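The residues making up each chain are set out below.
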Amino acid sequence: MTEGAEVLISVDPDSSVPPYEQVRGQLAELIGDGRLPVGSRLPTVRQLAADLRLAANTVARAYRELEAAGLLETRGRNGTFVAPGRDDAVDRLQRAAAGYAAEAARLGVAPATALALVRAALDAARPG
């Protein structure tokens, strides 16, 4: 998905998953499985928002969360790109998270409940 390329994601307005989370999750999956390789330039927030018929703030939130997770980097006026330097463990964990999210959606589990389950599992896995 470089600028000018076909948008590879879609948003289901009838989904219980918020639109920003749908965008974030699909982009994370595309990055995690290599369909969006390191260095790929993403559309501007405004362009992707227009393509998906969403508010710019919705796409901006997805981009911010992906940047905070280390999957994207913003280079000022040059745009937003898939970030380098991710390690294999993070990529594997991202794929597992995407699979978990898809299964939660398939089962009709609310996002807040799915996140609570993950938090509980992480807490249980901490030593001590």
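Just so you know, these numbers come straight off a predicted model, no measurement behind them.

**Student:** Go over the side chain of Thr-80, please, and point to the residues and values.
**Tutor:** Take Thr-80: it is sitting in strand E3 (residues 80-82). Excluding residues within four positions of it along the chain, Thr-80 makes contact with Ser-40, Arg-41, Leu-42, Tyr-63, Leu-72, Glu-73 and Thr-74.

**Student:** Please provide a residue-by-residue account of the side chain of Ser-40, values included.
**Tutor:** By the element assignment, Ser-40 lies in the loop between helix H1 (19-32) and strand E1 (41-42). In contact with Ser-40, other than residues within four places in its own chain, are Thr-80, Phe-81 and Val-82.

**Student:** Residue-level account of the packing of H1 against helix H3 (residues 56-68), with values.
**Tutor:** With their axes 8 Å apart at the nearest point, H1 and H3 run at an angle of 45 degrees to one another. By the angle class used here, H1 and H3 are oblique. As for the relative orientation of H1 and H3, their crossing is right-handed in sense. When H1 is examined against H3, the residues Pro-19, Tyr-20, Glu-21, Val-23, Arg-24, Leu-27 and Ala-28 are found in contact with a partner set consisting of Thr-58, Arg-61, Ala-62, Tyr-63, Glu-65 and Leu-66. Looking at the contact of H1 with H3, its residues break down into eight nonpolar, one polar and four charged.

**Student:** Tell me about the domain arrangement of the chain, and please be specific about residues and values.
**Tutor:** How big an interface is tends to be stated in terms of accessible area lost as the parts join. Domain annotation of the chain identifies domain 1 (19-82) and domain 2 (86-125). The distance between the C-alpha centroids of domain 1 and domain 2 comes to 20 Å. Tallying the contact residues gives eight residues for domain 1 and four residues for domain 2. Both sides together, the interface formed by domain 1 and domain 2 hides about 520 Å², and carbon and sulfur atoms give 56% of it. Interface area lost by domain 1 to domain 2 is led by Glu-29, Gly-32 and Leu-71, which between them contribute 55%. Taken together, the links from domain 1 to domain 2 amount to zero salt bridges. Counting residues per element, the side of domain 1 that touches domain 2 draws most heavily on H1, at four residues.

**Student:** Break down the nonpolar core for me, with residues and values.
**Tutor:** Core analysis: the biggest nonpolar cluster contains 19 residues, and Ile-9, Val-23, Leu-27, Leu-48, Tyr-63 and Leu-72 have the highest contact counts within it. Elements represented by at least two residues in this core include exactly H1, helix H2 (45-52) and H3. Tallying contributions element by element places H1 first for this core, with five residues.

**Student:** Before we move on, can you summarise the sheet that holds E3 with the specific residues and values?
**Tutor:** Read across the open sheet, the three strands follow the order E1-E3-E2; overall the sheet is antiparallel. The open sheet has two edge strands, E1 and strand E2 (72-74), and neither has a second partner. Here two bridges tie E1 to E3, and the two strands are oriented antiparallel to one another. The residue bridging Arg-41 from the neighbouring strand is Phe-81, located in E3. Docked against the sheet, H3 engages E1, E2 and E3, running at close to 110 degrees with respect to E2.

**Student:** Describe the packing of aromatic side chains, naming the residues involved and giving the relevant values.
**Tutor:** Applying the stated criterion across every chain yields a total of zero aromatic pairs. For Arg-61, the ring lying beneath its charged end belongs to Tyr-20, and the centroid distance is 3.6 Å.

Thresholds, definitions, all that
Residues numbered from 1 in each chain as written. Predicted model: local features only at pLDDT ≥ 70, side-chain atom pairs only at ≥ 80, totals over all residues. Heavy atoms only, no water. Helix = DSSP H or I, 4+ residues; strand = E, 2+ residues; numbered from the N terminus. Contact = heavy atoms within 4.5 Å. Axes fitted to C-alpha atoms, helices over the stretch in contact; angles between N-to-C directions. Parallel < 35°, antiparallel > 145°, perpendicular 65-115°, else oblique. Left-handed = near helix turned anticlockwise from the far one by under 90°. Nonpolar A, V, L, I, M, F, W, Y, C, P; charged D, E, K, R; others polar. Domains from an automatic or database assignment. Buried area = accessible area lost by both parts, 1.4 Å probe. Salt bridge = Lys/Arg side-chain N within 4 Å of Asp/Glu carboxyl O. Core = buried A, V, L, I, M, F, W, Y, C linked by side-chain atoms within 4.5 Å. Buried < 20%, exposed > 50% of the residue type's maximum accessible area, 1.4 Å probe, protein only. Pairing = 2+ DSSP bridges. Phe/Tyr/Trp six-rings, centres within 6.5 Å; stacked < 30°, edge-to-face > 60°. Lys NZ or Arg CZ within 6 Å of the ring centre and 35° of its normal.

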